[in-house]
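# Chain and residue survey
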Amino acid sequence: MFDALSERLGSIFDGLTGRGALSDKDVSEALREIRVALLEADVALPVVKEFVEKVKTRAVGEEVIRSVKPGQQVIKIVYDALVDMLGADEEESHLRVDTPPAVVMMAGLQGSGKTTTTGKIAKRLADRGKKKVLLASLDVRRPAAMEQLAILAKQAGETVSSLPIIAGQLPADIARRAMQAAKIGGYDVLILDTAGRTSIDEQMMAEAAEIAAIANPSEVLLVADALTGQDAVETARRFHERLPLTGLVLTRMDGDGRGGAALSMRAVTGLPIKFLGVGEKLDGLDAFDAKRVAGRILG
Ligand code: GDP
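Here goes a summary of the coordinates provided. (Residues numbered from 1 in each chain as written. Predicted model: local features only at pLDDT ≥ 70, side-chain atom pairs only at ≥ 80, totals over all residues. Heavy atoms only, no water.)

## Overview of the nonpolar core
Counting 80 residues, the largest nonpolar core has Phe51, Leu192, Phe239, Leu250 and Met265 as the members making the most contacts within it. Residues contacting Phe239, with those up to four places away along its chain left out, are Ala107, Gly108, Leu109, Ile200, Met204, Met205, Leu222 and Leu245. Listed in part, the 24 residues of the second largest apolar core include Leu152, Ala153, Val223 and Phe275. (Core = buried A, V, L, I, M, F, W, Y, C linked by side-chain atoms within 4.5 Å. Buried < 20%, exposed > 50% of the residue type's maximum accessible area, 1.4 Å probe, protein only. Contact = heavy atoms within 4.5 Å.)

## Structural notes on the sheet that holds strand E8 (residues 285-287)
Across a sheet, paired strands are connected by hydrogen bonds in the backbone, their directions being either parallel or antiparallel. The strand order across the open sheet formed by 8 strands is E3-E2-E4-E1-E5-E6-E7-E8, and the pairing between neighbours is mixed. The sheet is open, and its two edges are formed by strand E3 (160-162) and E8, each paired on a single side. The sheet shows a mean angle of 25 degrees between the axes of neighbouring strands, direction not considered. Sheet analysis places strand E5 (residues 219-225) next to strand E6 (residues 247-251), joined by 5 bridges and oriented parallel. In the sheet register, Leu222 faces E6, and the bridge partner there is Leu248. Here helix H8 (residues 143-156) sits on the sheet in contact with strand E2 (133-137), E3 and strand E4 (189-193), set at roughly 165 degrees to E2. Sitting on the sheet, helix H10 (residues 202-215) is in contact with strand E1 (102-108) and E4, with an inclination near 175 degrees to E1. (Pairing = 2+ DSSP bridges. Helix = DSSP H or I, 4+ residues; strand = E, 2+ residues; numbered from the N terminus. Axes fitted to C-alpha atoms, helices over the stretch in contact; angles between N-to-C directions.)

## A look at the packing of aromatic side chains
Geometrically, a pair of aromatic rings is defined through the distance of the ring centres and the angle of the planes. Within the structure shown, the criterion is met by 0 aromatic pairs. When the ring centre of Tyr187 is taken as reference, the NZ or CZ atom of Lys132 above it lies at 4.7 Å. (Phe/Tyr/Trp six-rings, centres within 6.5 Å; stacked < 30°, edge-to-face > 60°. Lys NZ or Arg CZ within 6 Å of the ring centre and 35° of its normal.)

## A short note on the site of the ligand
For the ligand, the set of nearby residues contains 18 residues, the closest of which are Gly111, Thr115, Thr116, Arg252 and Asp254. Note that an oxygen atom of the ligand is positioned 3.2 Å from one of the backbone N or O atoms of Gly277. Protein contact buries 81% of the 590 Å² of open area that the ligand shows by itself. The element best represented in the shell around the ligand is helix H7 (residues 114-129), accounting for 4 residues. (Near = heavy atom within 4 Å. Polar contact = N/O pair within 3.5 Å; in protein donor to acceptor, adjacent residues only side chain to side chain. Areas by Shrake-Rupley, 256 points an atom, 1.4 Å probe, with all protein chains shown as cover.)

## Describing helix H3 (residues 45-59)
With 15 residues, H3 should reach 21 Å at 1.5 Å per residue; the first-to-last C-alpha distance of 21 Å fits that figure. Taken residue by residue, H3 has Val47, Val48, Phe51, Val52, Val55 and Ala59 as its buried positions. For H3, the angular spread of the buried residues around the axis is 125 degrees, confining them to a single face. Opposite its buried face, H3 presents the exposed residues Pro46, Glu50 and Thr57, each directed more than 90 degrees away. (Expected span 1.5 Å × (residues − 1). Arc of directions from axis to C-beta.)

## Thoughts on the environment of Asp286
Looking at where Asp286 falls in the secondary structure, it is placed in strand E8. Classification of Asp286 as partly exposed rests on a relative accessible area of 30%. Considered as a pair, Asp286 and Thr246 are 40 residues apart in the sequence and their alpha carbons are 17 Å apart. Those residues in contact with Asp286 that lie beyond four places of it in its chain are Lys274, Phe275, Leu276, Val278 and Arg292.

## A word on the pattern of salt bridges
Per the counting criterion, the structure on display carries 18 salt bridges. The partner of Arg197 in a salt bridge is Glu207, and the shortest N-O contact between them spans 3.9 Å. On the criterion of sequence distance, the pair formed by Arg197 in the loop between E4 and H10 and Glu207 in helix H10 is long-range, its members being 10 residues apart. Judged by its relative accessible area of 14%, Glu207 falls in the buried class. Across the pair Lys274 and Glu219 runs a salt bridge, and its minimum N-O distance is 3.1 Å. Of the two residues, Lys274 sits in strand E7 (residues 273-277) while Glu219 sits in strand E5, which places them 55 residues apart along the sequence. Residue Lys274 is classed as buried on the basis of its relative accessible area of 2%. We classify Glu219 as buried; its relative accessible area is 0%. (Salt bridge = Lys/Arg side-chain N within 4 Å of Asp/Glu carboxyl O.)

## Describing unusual backbone geometry
The omega torsion of the bond from Pro100 to Pro101 falls at -10 degrees, within 30 degrees of zero and hence cis. Mapped onto the secondary structure, Pro101 falls in the loop between helix H6 (90-93) and E1. Phi at Lys130 is positive, roughly 50 degrees, even though this residue is not glycine. With respect to the secondary-structure elements, Lys130 resides in the loop between H7 and E2. We classify Lys130 as exposed; its relative accessible area is 65%.

Interpretation note: all reported values are geometric properties and have no functional meaning in isolation.
So, in structure tokens, the structure goes:
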């Protein structure tokens, strides 16, 4: 995750530290290199521009150039700007599932890792929050997806169950049945795994919007595949136009992607990143923490 970017920034900073005074020119040169490094990491252009401007305003000042360790100061400024860009701190990435039965709705394109992430979140809520969790698949066109969710529920823990499948029901009917079952069964959290398609279409959006209206979820999470880069950012933007999204989950962060999509997501959509998917197994889910990610990028 972010290895190439981390290496690039590391070598830029090596050129700034371990020496005395920095000139405005040194700082401008470093900023130019940082700009290229971020663009090569696939961070969206407007986000890069804003980032560089922010660092410039703070760095190209008397204060930095006159300070005892100007190189370290520039690194600190870049770190702070990265944390700002990433946005979510621990508080913000916290899942709001406090009033039982709280509904979490999962949305995303087919193949983004939505169903796997549903299982991962259930396991996390069961293991760490000692929650009783009900999972329901609304993907009526793909019986295999429904069965996959039932299997994941079994793997996720003793307090995790899946709603029994009844053939022929519409997604809205399943959502209502799931809400009823969650209430009667004393569940703390109900997670609705909505249908995904290979591309965004009106029918999928209308269906998801209807479910959101029926279920009144406390969280609506968009799952996006980080390996798809700027497409993931565009997907998030388009879903956010139609659904009351509350947060993002970026999957396949364990892959060898450049990571820039993750860095742009918050700034482009205004939504907090709640989790990062870091593997195929059910424990491959990290709570997102901007400070930790920024620290990792800056080594
Ligand atoms: P859905 O169609 O969106 O429900 O996608 P699935 O949950 O079925 O996931 C599609 C594939 O991606 C499966 O093979 C998952 O094991 C895999 N997958 C999901 N999340 C991650 C992740 O964070 N890392 C990796 N490496 N694979 C993942």
